[in-house]
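Listed below are the residues making up each chain.
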Amino acid sequence: MTSTPRAGDPRARDLGLPLPGTPGPHNAITDVPGVHVGQATLIEGEAVRTGVTAILPRPPATVENPCAAGWYSLNGNGEMTGTAWLSETGTLRLPVLVTNTHAIGSAHRGVIDWAVREKPQIAEEWLLPVVAETWDGYLNAINAPTVQPHHAVAAIDAARTGPVAEGSVGGGTGMNCYGFKGGNGTASRRVGYGEQTYTVGAFMQANFGSRRELTICGTRVGPELSADNPMEGNPMEDSARQQPPGSGSVIVVIATDAPLLPQQCTALARRVPLGLARTGTSGSHFSGDLFLAFSTANEDAFGSGMGFPKGEPGYGELRFIPWNRMDAFYEAVVEAVEEAVLNVLVASRGMTGRDGHRSPGMPVDEVLRLVGVR
């Protein structure tokens, strides 16, 4: 059986879970002005459960304009391309894609194909796309060449502002989280700064965590939810189930419109594990946990194309939040990441995939009872 999210389904906050902070209007990464998200979902037969998610830091018309950016690896058993150049320059440009582990190459090529079509002047220079992955091989025939460059292009073309589909969609289609069906989730927080209000948004592809670790709003519910846990069953029954509990991976992308230095974006990325830890994970050795953060402010400050303009050399100028005022933004990251995990679990329905492998949906009513909401 395969079930995908439906429009209007309740999210974690809608269920009465006591989550702190003030979200933006869509409680999504797209609450950051200019950020777009698109998905290409591939569900076919019994063995295809995969896809691609595209995150555009800026609108398509200006997505080539660099953003201040930073990244962080909690555990490097995974891949995020383009990070060497990101570390060198502190900037990010073009769509960011998230897919399955063995589709990195196809998605990477897809970003290039899209840029050749839409941004030929940029493609004439050089392209180092950022593409990240998590492993969906429990439900999906991951070694099949299912994801092709045109699927990545379709995800970019589908990118929109507004509400973001969660659960078993896009790159999150075949993922698992805390021994339940996982996938994509998002959340946002508004941060007051003097007379200004900024937004911090989080998007994640969640494929991590052992069932026994799961903690929701401070209550460790995992040990009470030990029934129906096929992914942590008898490893002698099926070699595909020999993955250690907690393995998988998680990719998180943080966006904000607050003006930040690249090093401050890295500092935001380093706070992502604190939000994940609130949901119980200790960070498995077999989980690639890689995080990216960017700021959409200072749009004209980071131009770095080839060639030299005529005339006298000029200067770039940056406006940024002072380091001693960053704590509220760190808090926003932690809160948004925690809520995004819960949104993944609430949105995801049970799914059966290759070779009859089954990932159950989290029993929401039982969880609410354990947490004391019902």
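Residues numbered from 1 in each chain as written. Predicted model: local features only at pLDDT ≥ 70, side-chain atom pairs only at ≥ 80, totals over all residues. Heavy atoms only, no water.

Explain the packing of helix α2 (residues 104–118) against helix α4 (residues 149–157) here, please?
The relative placement of two packed helices comes down to the angle between their axes together with the axis-to-axis distance. Look at α2 against α4: their axes get within 7 Å of each other, and the N-to-C directions meet at 60 degrees. The angle between the axes of α2 and α4 places the two elements in the oblique class. In this structure, α2 meets α4 at a crossing whose hand is right-handed. Residues Ser-106, Ala-107, Arg-109, Gly-110, Val-111, Asp-113, Trp-114 and Arg-117 of α2 touch α4, and the partners they reach there are Pro-149, Ala-152, Val-153, Ile-156 and Asp-157. Looking at the contact of α2 with α4 residue by residue, the classes come out as seven nonpolar, two polar and four charged. (Axes fitted to C-alpha atoms, helices over the stretch in contact; angles between N-to-C directions. Helix = DSSP H or I, 4+ residues; strand = E, 2+ residues; numbered from the N terminus. Parallel < 35°, antiparallel > 145°, perpendicular 65-115°, else oblique. Left-handed = near helix turned anticlockwise from the far one by under 90°. Contact = heavy atoms within 4.5 Å. Nonpolar A, V, L, I, M, F, W, Y, C, P; charged D, E, K, R; others polar.)

Is there a simple way to explain the sheet that holds strand β3 (residues 67–75) in this structure?
Each strand in a sheet pairs with its neighbour through backbone hydrogen bonds, running either in the same direction (parallel) or in the opposite one (antiparallel). Read from one edge to the other, the open sheet built from six strands follows the order β4-β3-β14-β13-β10-β9, with strand pairing classed as mixed. Two strands in the sheet have a free side with no partner beyond their single neighbour: β4 (91–92) and β9 (183–193). Bridge count for β3 against strand β14 (residues 287–295) is seven bridges, and the pairing is antiparallel. In the sheet register, Ser-73 faces β14, and the bridge partner there is Leu-290. (Pairing = 2+ DSSP bridges.)

In this structure, what is going on with the pattern of salt bridges? I would like to understand it.
Once their charged atoms are close, side chains differing in charge can pair, the charge on each being opposite to the other. Applying the stated criterion across every chain yields a total of 14 salt bridges. Its salt-bridge partner being Arg-117, residue Glu-118 comes within 2.8 Å of it at the nearest N-O pair. A relative accessible area of 45% places Arg-117 in the partly exposed class. Taking the shortest distance from any N to any O, the salt bridge between Glu-335 and Arg-189 comes out at 3.1 Å. Taken together, the positions of Glu-335 in helix α6 (residues 327–347) and Arg-189 in strand β9 put the pair 146 residues apart, joining distant regions of the chain. One exposure class covers both Glu-335 and Arg-189, and it is buried. Within this structure, Arg-13, Arg-189, Glu-335 and Glu-339 form a network of salt bridges that share partners. (Salt bridge = Lys/Arg side-chain N within 4 Å of Asp/Glu carboxyl O. Buried < 20%, exposed > 50% of the residue type's maximum accessible area, 1.4 Å probe, protein only.)

Honestly, unusual backbone geometry in this entry has me stumped. Any pointers?
The phi torsion of most residues other than glycine is negative, and most of the peptide bonds are trans. In this structure, Cys-217 is a non-glycine residue whose phi angle is positive, near 50 degrees. With respect to the helices and strands, Cys-217 occurs in the loop between β11 (215–216) and β12 (219–220). Phi at Asp-355 takes a positive value of approximately 55 degrees, unusual for a residue other than glycine. Tracing the chain through its elements places Asp-355 in the loop between β15 (351–352) and β16 (358–359).

I would appreciate a short explanation of the side chain of Glu-338 in the present structure.
Mapped onto the secondary structure, Glu-338 falls in helix α6. In this structure, Glu-338 is in contact with Leu-19, Cys-217, Gly-275, Arg-278 and Thr-279, ignoring residues within four places of it in sequence.

Got a minute to help me understand the sheet that holds strand β2 (residues 48–56) in this structure?
The sheet built from four strands is open, its strands ordered β1-β2-β5-β6 with mixed pairing. Looking along the sheet, the strands with just one partner apiece sit at the ends: β1 (36–44) and β6 (130–134). Across the sheet, the mean angle separating the axes of adjacent strands is 15 degrees when strand polarity is ignored. One ladder, built from three bridges, connects β2 with strand β5 (residues 96–100); its direction is antiparallel.

Sorry, what's going on with the confidence of the model for the protein here?
Any region with low pLDDT has predicted coordinates that should not be read closely. Of all residues in the protein, 94% have pLDDT values of 70 or greater, and the mean over the chain is 94. Considering only residues more than four positions removed or in separate chains, one finds that residues 1–5, a stretch of pLDDT under 50, has 19 contacts. (pLDDT = per-residue confidence, 0-100.)

Explain the environment of Arg-160 here, please?
Within the secondary structure layout, Arg-160 lies in the loop between α4 and β7 (176–177). What makes Arg-160 exposed here is its relative accessible area of 51%. Through-space distance from the C-alpha of Arg-160 to that of Leu-56 is 8.9 Å; in sequence the pair is 104 residues apart. Discounting residues that sit within four places of it in the chain, Arg-160 has contacts with Thr-30, Val-35, His-36 and Val-37. Here Asp-157 takes part through its backbone oxygen, which lies 3.0 Å from a polar atom of the side chain of Arg-160. (Polar contact = N/O pair within 3.5 Å; in protein donor to acceptor, adjacent residues only side chain to side chain.)

Looking at this structure, how should I read the environment of Glu-331?
Tracing the sequence through the fold places Glu-331 in helix α6. Owing to a relative accessible area of 48%, Glu-331 belongs among the partly exposed residues under this scheme. Taking the C-alpha atoms as reference points, Glu-331 and Val-200, 131 residues apart in sequence, are found 9.8 Å from one another.

In this structure, what is going on with the pairing of β3? I would like to understand it.
Each regular strand shows side chains that alternate between the opposite faces of the sheet. By the bridge criterion, two bridges tie β3 to β4 in an arrangement that is antiparallel. Bridge pairing in β4 places Ala-68 opposite Thr-91.

What should I look at first to understand α6 in this one?
One turn of the α-helix equals 3.6 residues, which is why residues spaced by three or four share an orientation. Taking 1.5 Å per residue, 21 residues should reach 30 Å; α6 reaches 30 Å between its end C-alpha atoms and fits that length. α6 sits mainly inside the fold: 18 of its 21 residues count as buried. (Expected span 1.5 Å × (residues − 1).)

Even after reading the chapter, I still don't get the environment of Ile-43, so can you show me in this structure?
Examined against the element boundaries, Ile-43 turns out to sit in strand β1. Overall, the relative accessible area of 32% leaves Ile-43 in the partly exposed class. Linking Ile-43 and Asn-75, residues 32 residues apart in sequence, is a C-alpha distance of 29 Å.

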